[in-house]
Amino acid sequence: MDSLKPIAAVTQRKTTKEGARMSAGDHLQELTEQFTKGPASGATTGPPALHLGDIETVPTLFQPRGGISERHVSELIKAIKAVGALDPVTVMLVGTRFVLIDGHHRIEAYRAARWAGPVPVRYFDGTPEEGVLVAGEANSKAKLPMDNTDRQNFAWRLVLIDRHSIAKVAKASGISPAQVTIMRRAKKTLGEHAGDYVSWFRARLAANGKDLLIDPNEKDEWMEQLADRYADELTKKFSTKLALNPEVAAMALASYFGRKLPEVYGFLREHLSEDDRVAIEVDNDEF
């Protein structure tokens with residue numbers, strides 16, 4: 001395996017298949033086919049470190065959470081700048097591709113920190129199908145564990161892939177076998193349209209005849225209702241603590257949103273009246 005060289009050209013994989021976005025099942029099928037054909041596939045030894053450009057991510061398969069936590073990425077960026085390289089990420093060798101199994105937040109942090117050196121890696125001993133389950137189990141036990149929504153959405157994704165038993169889906173996602181059975185029923189009810197629903201919440205409503213696909217004309221109203229619900233949840237959690245401590249509130253939001261903070265700031269400005277904007281600008285000009 002010492003002769004094995006990372007190939008940067010394979011890192012930019014197509015995300016479309018015949019003009020349509022590839023589903024998790026399509027990605028798994030593609031990886032499985034290449035895994036069985038590639039003579040070096042599944043090797044557990046290789047270069048101890050790879051450059052970022054040589055590590056391919058397939059988040060629809062191996063990132064169980066609903067997305068990247070900007071707060072966690074910010075913490076990892078600080079660690080990179082303070083101590084250098086982080087703990088090894090886990091990759092799988094599929095043909096000539098180095099596919100990331102676990103460590104999506106670390107990779108995102110390396111990119112944000114403009115890390116130019118190689119990234120420490122360890123190699124996964126198993127098939128792509130096994131890698132999907134292991135990624136879910138690892139995230140359930142990680143420092144940043146999946147919440148209930150993430151676990152349900154990941155289980156729904158596994159049900160859509162339709163390659164794993166009820167017991168294996170339940171173990172990987174952390175939900176009950178009974179819940180997985182309900183998801184399988186919903187998939188059967190939705191038929192060929194099951195893959196149109198990324199979240200279990202929407203899939204469940206659709207299977208019960210209560211589709212929640214949002215009409216573009218009703219988007220603003222939907223967003224306002226959602227914002228009101230989040231505001232109510234903040235009030236229940238913090239009462240007036242955030243409102244009475246705006247500086248602490250700003251620090252908390254900065255930590256939560258991380259790199260997204262400038263974007264959030266831009267939207268916040270839209271909710272200020274013209275008088276408030278002028279007042280803020282005048283106050284800033286005085287210093």
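Now for a quick tour of the structure. (Residues numbered from 1 in each chain as written. Predicted model: local features only at pLDDT ≥ 70, side-chain atom pairs only at ≥ 80, totals over all residues. Heavy atoms only, no water.)

### Points about the packing of helix α3 (residues 70-83) against helix α4 (residues 104-112)
Relative orientation and spacing of two packed helices are given, respectively, by the angle between their axes and the distance between those axes. Note the cut-off: Between N-to-C directions, angles cover 0 to 180 degrees, with each direction set by a line fitted to C-alpha atoms, over the stretch in contact for helices. What counts as a helix is a DSSP run of H or I of at least four residues, what counts as a strand is a run of E of at least two, and both are numbered from the N terminus. An angle below 35 degrees is read as roughly parallel, one above 145 as roughly antiparallel, one from 65 to 115 as roughly perpendicular, and any other as oblique. Handedness of a crossing follows from how the near helix is turned relative to the far one, being left-handed for an anticlockwise turn of less than a right angle and right-handed for a clockwise one. Any pair of residues with heavy atoms lying within 4.5 Å of one another is described as a contacting pair. Gly falls in the polar group here, along with every residue not listed as nonpolar (Ala, Val, Leu, Ile, Met, Phe, Trp, Tyr, Cys, Pro) or charged (Asp, Glu, Lys, Arg).
Where α3 contacts α4, the two axes come as close as 8 Å, and the packing angle between them is 60°. Overall, the two elements α3 and α4 adopt an arrangement that is oblique. The hand of the α3/α4 crossing is right-handed. Of the residues in α4, those touching α3 at His-72, Val-73, Leu-76, Ile-77 and Ile-80 are His-105, Arg-106, Glu-108, Ala-109, Tyr-110 and Ala-112. Each residue belonging to the contact of α3 with α4 can be placed in one class, and the counts come to 7 nonpolar, 2 polar and 2 charged.

### Some points on the pattern of salt bridges
Basically, it comes down to this: Each salt bridge in this description consists of a side-chain nitrogen of Lys or Arg and a carboxyl oxygen of Asp or Glu lying within 4 Å of one another. Between buried and exposed lies partly exposed: a residue is buried under 20% and exposed over 50% of the maximum accessible area for its type, with that area taken using a 1.4 Å probe on protein chains only.
Counted under the stated rule, the structure contains 5 salt bridges. Ionic pairing is found between Arg-97 and Glu-30, a salt bridge with its closest N-O pair at 3.8 Å. Taken together, the positions of Arg-97 in strand β6 (residues 97-102) and Glu-30 in helix α1 (residues 24-37) put the pair 67 residues apart, joining distant regions of the chain. A salt bridge links Glu-129 to Arg-163, with the shortest nitrogen-to-oxygen separation between them at 3.6 Å. Taken together, the positions of Glu-129 in helix α5 (residues 128-141) and Arg-163 in the loop between α6 (148-161) and α7 (166-173) put the pair 34 residues apart, joining distant regions of the chain. Judged by relative accessible area, which is 32%, Arg-163 ranks as partly exposed. A single network of salt bridges, built from pairs that share partners, joins Glu-30, Glu-56 and Arg-97.

### Points about unusual backbone geometry
For Arg-114, which is not a glycine, the phi torsion comes out positive at approximately 55°. Looking at where Arg-114 falls in the secondary structure, it is placed in the loop between α4 and β7 (119-123). Relative accessible area serves as the criterion here: at 75%, Arg-114 is assigned to the exposed category. At Asp-162, a residue that is not glycine, the phi angle is positive and equals roughly 60°. Position of Asp-162 among the secondary structure elements: in the loop between α6 and α7.

### Regarding the packing of aromatic side chains
Filter applied, for reference: Only Phe, Tyr and Trp rings are paired, with Trp represented by its six-membered ring, and only when their centres lie within 6.5 Å; those with planes under 30 degrees apart are stacked, over 60 edge-to-face, the remainder tilted.
The final tally for this structure, using the stated rule, is 3 aromatic pairs. With a centroid separation of 5.5 Å and 50° between ring planes, the pair formed by Tyr-110 and Trp-115 is classed as tilted. The class for Tyr-110 is buried, based on a relative accessible area of 0%. Of the residues examined, Trp-115 reaches a relative accessible area of 26% and is grouped as partly exposed. Taking 5.3 Å as the distance between ring centres and 45° as the angle between the ring planes, the aromatic pair formed by Trp-156 and Trp-200 counts as tilted. You can see Trp-156 sitting in helix α6 and its partner Trp-200 sitting in helix α9 (residues 200-207), a full 44 residues away along the chain. The pair Trp-156 / Trp-200 is uniform in exposure class, with both members buried.

### Section: α7
Inspection of α7 places Val-169, Ala-170, Ala-172 and Ser-173 among the buried residues, and these make up the whole buried set. Looking one or two residues past α7, Gly-174 carries a phi angle of roughly 85°, positive in sign.

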